[in-house]
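These are the residues of each chain, in order.
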Amino acid sequence: MNVRAYLQRQWQENGLLARLLAPLSWLAGQAVDAKRKAYRSGRKTAWRAPVPVVVVGNLYVGGTGKTPVVIAIAQGLYAQGWTPGVVSRGYGARIGREPRVGLGANLDPANYGDEPALIARAAAVPVAVHPKRVLAAQALLRACPEVDVIIADDGLQHLQLARDVEIVVQDERGLGNGRLLPAGPLREPPARLREVDAVITNLGPSSADAQPARACGTDAMAAQQAVIHAGPLELSMRLEPGPARHLVHGNTRSLADFASGPPVAAAAGIGNPQRFFDTLRAAGVTLAETLPLPDHYAYADSPFGALRSEQILVTAKDAVKCGRLSDPRLWEVGVHARFEPVDLTAWLNTAIARKAGRDRG
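Below is a summary of the structure that appears in this document. Predicted model, so just to flag it, every value in this text is computed and none were measured.

A word on the layout of surface pockets
- Roughly 1000 Å³ of internal volume is contained in the largest pocket.
- Lining the largest pocket are 47 residues, and of these Lys66, Thr67, Pro68, Glu115 and Lys317 sit closest to its centre.
- Elements supplying a minimum of two residues to the lining of the largest pocket: helix H4 (66–79), helix H6 (114–123), helix H10 (273–282), helix H11 (316–322) and strand E13 (330–340).
- Counted by class, the lining of the largest pocket contains 16 nonpolar, 18 polar and 13 charged residues.

Here it is in structure tokens:
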């Protein structure tokens with residue numbers, strides 16, 4: 001039995017296991033509510049940075065597409081005249097008591113995490129990593145005093161860091177069955193969507209429209225309907241693949257070139273590997289083999305030995321780690337985020353200026 005697939009099905013369909021675990025989810029909800037009340041009442045105090053803070057997070061546990069959003073925001077704000085920096089947990093990295101700050105195209109994922117290393121390379125911004133986002137933000141501003149806006153990657157639940165703008169990224173799974181962990185996939189209740197500034201729905205290549213994702217099940221559907229029109233800006237996002245880059249030689253080829261050639265293999269160690277495979281197929285690429293790997297797969301050893309294809313397409317998140325394997329079959333396929341119906345950067349520039357009281361023109 002595929003345990004992960006079974007759990008996802010329970011979370012989407014509100015199955016028997018989900019119903020049995022409902023009391024634990026109720027307890028989790030009480031803990032979440034108590035934490036938020038502590039900050040609202042002033043019993044706990046959030047640290048406010050001297051620059052605006054934009055938090056990009058999710059309610060649904062696991063990968064929903066936050067990293068492309070963070071990269072798009074960093075690139076877009078830079079084009080608007082800001083000097084952004086990014087803070088992140090640095091999942092999977094060897095981080096000690098002190099935060100780590102880095103800048104450059106070749107940050108070691110073992111020291112910073114795969115997503116921060118990818119963000120630094122793709123957006124050319126400094127990144128600071130530490131499980132405590134406040135410490136990361138403080139270290140970032142000390143090391144890079146020119147930073148005038150901080151983007152917090154996956155920091156929605158880290159209330160110690162005050163924020164000016166909150167953005168939730170979800171995918172086609174929506175809110176699942178509407179329950180909190182462990183009976184459902186949510187870190188916070190569905191009503192949390194009322195409080196954020198924007199909800200971005202990451203649509204797969206097979207989606208025919210740009211409607212916001214809805215939760216499944218009667219109770220979850222009602223919960224989603226109650227919050228979906230409560231005020232946040234609703235955007236859809238599609239991830240459009242770019243040319244493939246050879247990891248050893250650095251030359252590029254279009255996906256159309258791969259589509260007209262022999263079948264290839266594809267591998268992905270991301271939250272939803274199937275989305276990457278679907279994106280390649282939608283671009284016309286014939287996949288002879290697919291290799292889904294766990295999210296944040298470390299690539300301590302090559303997992304590609306069993307693949308017989310002469311070419312293997314991998315995600316940009318995988319490429320920052322598996323490039324050192326020097327496998328001549330590997331090609332990186334990056335993606336570019338396209339948002340509808342409004343321009344995310346233009347909206348965000350206005351939202352920051354309004355909520356942080358700063359006039360950027």
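Here the narrative resumes, following the displayed structure.
Some details on the packing of aromatic side chains
- If you walk through the whole model with that rule in mind, you get 4 aromatic pairs.
- Ring geometry for Tyr299 versus Phe304: centroids 5.9 Å apart, planes at 35 degrees, classification tilted.
- On the basis of relative accessibility, which here comes to 0%, the residue Phe304 falls in the buried class.
- Geometry around Phe258 places Arg253 over its ring, the cationic atom sitting 3.9 Å from the centre.

What about helix H3 (residues 22–41)?
- With 20 residues, H3 should reach 28 Å at 1.5 Å per residue; the first-to-last C-alpha distance of 28 Å fits that figure.
- Those residues of H3 not exposed but buried are Ala22, Ser25, Gly29, Val32, Arg36, Ala38 and Tyr39.
- Where H3 is buried, its residues touch helix H2 (16–20).
- Of the residues flanking the end of H3, it is Gly42, one or two places downstream, whose phi is positive at about 95 degrees.

Re the pattern of salt bridges
- Evaluation of the coordinates by the stated rule reveals 21 salt bridges.
- Across the pair Arg36 and Glu195 runs a salt bridge whose closest N-O atoms are separated by 2.7 Å. Of this pair, Arg36 sits in helix H3 while Glu195 sits in the loop between strand E6 (165–171) and strand E7 (198–203), and the two are 159 residues apart along the sequence.
- Of the residues examined, Glu195 reaches a relative accessible area of 38% and is grouped as partly exposed.
- One salt bridge in this structure joins Arg187 and Asp154, with 2.9 Å as the shortest N-O distance.

What counts and what doesn't
Residues numbered from 1 in each chain as written. Predicted model: local features only at pLDDT ≥ 70, side-chain atom pairs only at ≥ 80, totals over all residues. Heavy atoms only, no water. 1 Å grid on protein atoms, 1.4 Å probe; cavity = no way out; pocket = protein on both sides within 12 Å on 5 of 7 lines; lining within 4 Å. Points joined across faces, edges and corners; volume = space filled by probe spheres on them. Helix = DSSP H or I, 4+ residues; strand = E, 2+ residues; numbered from the N terminus. Nonpolar A, V, L, I, M, F, W, Y, C, P; charged D, E, K, R; others polar. Phe/Tyr/Trp six-rings, centres within 6.5 Å; stacked < 30°, edge-to-face > 60°. Buried < 20%, exposed > 50% of the residue type's maximum accessible area, 1.4 Å probe, protein only. Lys NZ or Arg CZ within 6 Å of the ring centre and 35° of its normal. Expected span 1.5 Å × (residues − 1). Contact = heavy atoms within 4.5 Å. Salt bridge = Lys/Arg side-chain N within 4 Å of Asp/Glu carboxyl O.

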